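Summary of the model geometry
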There are 2 protein chains.
Amino acid sequence: MAPLSELFLYEAARAQHVREVIEPLLKNGVTVLCDRFADATTAYQGYGRRLDLPWVESLNHLATGDRSLTSHFFLDCPPGKGLERALEETGGGNWTKRARFEEERLSFHRRVRKGYLAIARKEPQRVKMIECATG
Amino acid sequence: MAPLSELFLYEAARAQHVREVIEPLLKNGVTVLCDRFADATTAYQGYGRRLDLPWVESLNHLATGDRSLTSHFFLDCPPGKGLERALEETGGGNWTKRARFEEERLSFHRRVRKGYLAIARKEPQRVKMIECATG
């Protein structure tokens, strides 16, 4: 799949998720906890796939209706370690069970982490880094 | 589905179609004929769904890699007539067979036609209107 198509699909999912699930909950005063949000698109599609960052960020703003996370907990670990864990969870050698990002080279995951670190540096108030390399 | 999610899905499909099918053909000197392209997104999602037009056009440029049609043949007929024909083709009363746009009200289809007419007026050299209301 073309990286740009992947970006558009993520933005489509995000736009729907925000309007159908998140906004009604927020309106009812519920606190919403998301496993990945717009920052993940910046890290994976912007840094990982090397798409134009200002474009990715513009599309994120459009998809989320200018909503951003109040707090972002970034669980950091070296990409090699993270990949190892993900592959263990998805059955090791069984490639058919692996998600599209787990099939990427280590260099891709290093760029994604670099993206998250850049976001964390840019917005230290919002992004709380949690070191979880050991264990 | 949220109109914005629909827009992103069309842009995802367009981006993939351009990179996987159209560009390799053009590189080999083939003339490509498309049934709907970026103008359809401007007309349906911009005018029909009332999404912000400059945004729709920006996303179109991004998805097509700034490619636009050399010629656009716009087969014009009154929306009521067009809908009638589409419903005949898809089995009349059987709603399950109808596409998502055919289920829209006539006012939606009027806005879509208004969109195509606006594009035709803006780019008369590129868009050739073909009247096909009769028959």
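Presented here is a report on the structure given in the accompanying data block. (Residues numbered from 1 in each chain as written. Chains lettered and ligands numbered in written order. Predicted model: local features only at pLDDT ≥ 70, side-chain atom pairs only at ≥ 80, totals over all residues. Heavy atoms only, no water.)

**Some words on the pairing of strand E1 (residues 72–76) of chain B**
All names here are of chain B. The following threshold applies: Throughout this description, buried means an accessible area under 20% of the type-specific maximum (1.4 Å probe, protein chains only), exposed means over 50%, and partly exposed covers the range between. We count a stretch as a helix when DSSP gives it H or I for four or more residues in a row; a strand needs E for two or more, and each element gets its number in order from the N terminus. A pair of strands counts as paired when DSSP detects no fewer than two bridges linking them.
Side chains His72, Phe74 and Asp76 project from E1 onto a buried face, and the interleaved Phe73 and Leu75 project onto a face without burial. Where E1 meets strand E2 (residues 127–131), 5 bridges bridge the pair, whose relative direction is parallel. For Phe73, the partnering residue across the bridge sits in E2 and is Lys128.

**What about a nonpolar patch on the surface?**
Put simply, the test is: Patches here are clusters of residues that have more than 30% relative accessible area and form no salt bridge, with a 9 Å joining cutoff for like charges and a 5 Å cutoff for nonpolar side chains (Val, Leu, Ile, Met, Phe, Trp, Tyr). Values of accessible area rely on a 1.4 Å probe in the Shrake-Rupley scheme; residue burial ignores everything except the protein chains shown. Within this document, salt bridges are pairs made up of a side-chain nitrogen of Lys or Arg and a carboxyl oxygen of Asp or Glu, the two lying within 4 Å of each other.
On the surface, a cluster of nonpolar side chains totalling about 380 Å² of accessible area is made up of A:Met1, A:Leu9, B:Met1 and B:Leu9. Structurally, the position occupied by A:Met1 is in the segment before helix H1 (3–27).

**Topic: the nonpolar core**
Formally: For our purposes a nonpolar core is just a set of buried Ala, Val, Leu, Ile, Met, Phe, Trp, Tyr and Cys residues, chained together by side-chain atoms within 4.5 Å.
By size, the foremost hydrophobic cluster in this structure holds 20 residues, and its most contacted members are A:Phe8, A:Leu59, B:Phe8 and B:Leu59. Taken together, the elements giving at least two residues each to this core come down to H1 and helix H3 (53–64) of chain A together with helix H1 (3–27) and helix H3 (53–64) of chain B.

**A few points about the interface of chain B and chain A**
Interface extent is often summarised as the accessible area lost during association of the parts. Test applied: Note on contacts: a residue pair qualifies if any of its non-hydrogen atoms lie within 4.5 Å across the two residues. Two parts placed together each lose some accessible area under a 1.4 Å probe, and adding up what both lose gives the buried area. Counting of polar contacts relies on pairs of N or O atoms within 3.5 Å, with two restrictions inside protein: one atom must be capable of donating a hydrogen and the other of accepting it, and residues adjacent in sequence are counted only when both atoms are side-chain atoms.
Each partner contributes to the interface: chain B provides 16 residues, whereas chain A provides 16 residues. It is B:Phe8, B:Trp55 and B:Leu62 in chain B that bury the most area against chain A; as a group they hold 40% of the surface buried on that side. At the surface where chain B touches chain A, the tally comes to 0 salt bridges. At the junction of chain B with chain A, the criterion picks out 6 residue pairs in polar contact (both at pLDDT 80 or more). Examining the composition of the side of chain B that touches chain A, we find that 9 residues originate from one element, H1(B), more than from any other.

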